[in-house]
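Listed below are the residues making up each chain.
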Amino acid sequence: FNNITPSLSAPSEAGDIRSSAFNLGEPLRQPRSSPPISAASQFVHNSTSGMALKSRDSLVKNSKLSAAAPEFIPSGYASYQDDVYSDGSEGHNPDATLDDFVHDFVSILTSSPGSFESEIDYITDTLNSWVTTEAILKELVELIYVQSTSIPNFAYMGARLCNDLSQHIKLSPPNGNFRQLLLVRCHIEFDQKDQAVRGDKDTQKQFHSYVLFLGELYLNLKVKTRKGTLGRADVLLGALKDLMDTLFSHPEDPNLICAVKLLKLCGSILEDTWKERQKSDMDEIIKKIEEIVLDAKCSRDVRQMLLKLVELRSSNWGRVYAASMLCDATPDNDPNYFMNEPTFYTTDGTPFTAADPDYSEKYQEILDREDYFPDTFEENGTESFCREEDEMDPEMEEAFERFCMESESRERK
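The text that follows walks through the structure, step by step, so that each part is easy to find. (Residues numbered from 1 in each chain as written. Predicted model: local features only at pLDDT ≥ 70, side-chain atom pairs only at ≥ 80, totals over all residues. Heavy atoms only, no water.)

**Comments concerning the pattern of salt bridges**
Phase 1 of the analysis: Evaluation of the coordinates by the stated rule reveals 12 salt bridges.
Phase 2 of the analysis: For R277, the salt bridge is made with D234, and the minimal N-O distance between the two is 2.7 Å. Placement of R277 in the loop between helix 12 (253-276) and helix 13 (281-295) and of D234 in helix 11 (residues 234-249) is noted, with a sequence separation of 43 residues between them.
Phase 3 of the analysis: In this structure, D272 and R319 form a salt bridge, with 2.7 Å as the shortest nitrogen-oxygen distance. In this pair, D272 sits in helix 12 while R319 sits in the loop between helix 14 (300-314) and strand 3 (344-345), placing the two residues 47 residues apart along the sequence.
Phase 4 of the analysis: When its relative accessible area of 27% is taken as the criterion, D272 is described as partly exposed. (Salt bridge = Lys/Arg side-chain N within 4 Å of Asp/Glu carboxyl O. Helix = DSSP H or I, 4+ residues; strand = E, 2+ residues; numbered from the N terminus. Buried < 20%, exposed > 50% of the residue type's maximum accessible area, 1.4 Å probe, protein only.)

Shown next as structure tokens:
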């Protein structure tokens, strides 16, 4: 207002402006470019303002809204409580249930599988503070099992989670710890395999998810062996063999696809274990697959999957051992034997390596050429273009001096 005051025509006018600016009950002064406000319009404006204030007061008095009302969350909106994962020392939300907590961390592991290592300690500590009775422990086992067999692509993460919880959940009641209760739950589903494999589409889908989860569990769940070391559970080894027999005994496309997925997942580990125990179970499975390919009325795509599986097994499940690391590595037993050998070139530019059958003859040809032209070729038979320039002969020196003299004479002219 200091910049505006000197331009005013009279002190009284300035006082009126200040009072109108700070008096909220009166209207603001109209711009100088507009005509002055009449008394009638001034009366209408004051009346309207008064009615608006009365209406606002009545709305406030009659409103049923409350600042203490709970937060509104639309239906179907999944909100994660950040404070639950902000600090491990704060504990879990007292209003949340075990079901809510399991669903929350399963959602996090599903959306961010790479966070397993950073989150698992907090998850385990929170569950240890939550699981205080055998009933709660059984509820936890059921929740983990349902999530692992119902969420797509969560079987691997669920198996890792089961392995970690089986080692770090402290509560161990007389009827079994976490691992034992988990295996009991899996056995309940195992007993229903004959009915599930012949069930409707949804029943078969649930059964196939269970089979693949059991395969992941066999690969990831570690138990103490008789020697005191950690190893895989033998009970799961026998269960997987029985499950595959059940799937192949009903050669429908969904059952065969599930069996192929299971063998791709853990077929190599199963065969290695059976061979160590002098069993031919994998040979029996492959024989059944070959019979199904010849006799069963499966679709062409499923038949192709089975043939590819047989081919995969014949190539040792796609495993390539680094024979070059062994002292007896030869070109016959190591396909990468010549990988780091240099490449040579013949006179017509054709490349060849030590793996070529006529390598000796071609390489001898390079050696012969180096005998005739020892300063012209590099070690790999190519011509050297980076050698130092030879000195000029007398005729070239004389011509170069003549050229320099002619250039100087032209510059002088």
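Having seen the structure, we can now continue with the description.
**Let's talk about the packing of aromatic side chains**
Phase 1 of the analysis: As enumerated under the stated definition, the model contains 5 aromatic pairs in all.
Phase 2 of the analysis: Consider the rings of F101 and W130, whose centres lie 5.7 Å apart with planes at 35 degrees: the pair is tilted. Here F101, found in helix 4 (residues 98-111), pairs with W130, found in helix 5 (residues 116-130); they are 29 residues apart in sequence, far enough to count as distant.
Phase 3 of the analysis: Judged by its relative accessible area of 3%, F101 is buried. (Phe/Tyr/Trp six-rings, centres within 6.5 Å; stacked < 30°, edge-to-face > 60°.)

**Observations concerning the environment of P152**
Phase 1 of the analysis: Along the chain, the position of P152 falls in the loop between helix 6 (134-150) and helix 7 (155-168).
Phase 2 of the analysis: Separated by 57 residues in the primary sequence, P152 and S209 place their C-alpha atoms 8.4 Å from one another.

**Concerning a nonpolar patch on the surface**
Phase 1 of the analysis: Taken together, the side chains of M392, M396, F400 and F403 present a nonpolar region at the surface, about 430 Å² in accessible area.
Phase 2 of the analysis: You can see F400 is positioned in helix 16 (residues 394-412).
Phase 3 of the analysis: Given a relative accessible area of 46%, F400 falls into the partly exposed group. (Patch = residues over 30% accessible without salt bridge, like charges linked within 9 Å, V, L, I, M, F, W, Y side chains within 5 Å. Areas by Shrake-Rupley, 256 points an atom, 1.4 Å probe, with all protein chains shown as cover.)

**Observations concerning unusual backbone geometry**
Trans peptide bonds make up the majority, and among non-glycine residues the majority have a negative phi.
Phase 1 of the analysis: One non-glycine residue, Q278, adopts positive backbone phi at about 60 degrees.
Phase 2 of the analysis: Relative to the elements of secondary structure, Q278 occurs in the loop between helix 12 and helix 13.
Phase 3 of the analysis: The exposure class of Q278 is exposed, given its relative accessible area of 73%.
Phase 4 of the analysis: At W317, a position not held by glycine, the phi torsion is positive, near 60 degrees.
Phase 5 of the analysis: Within the secondary structure, W317 sits in the loop between helix 14 and strand 3.

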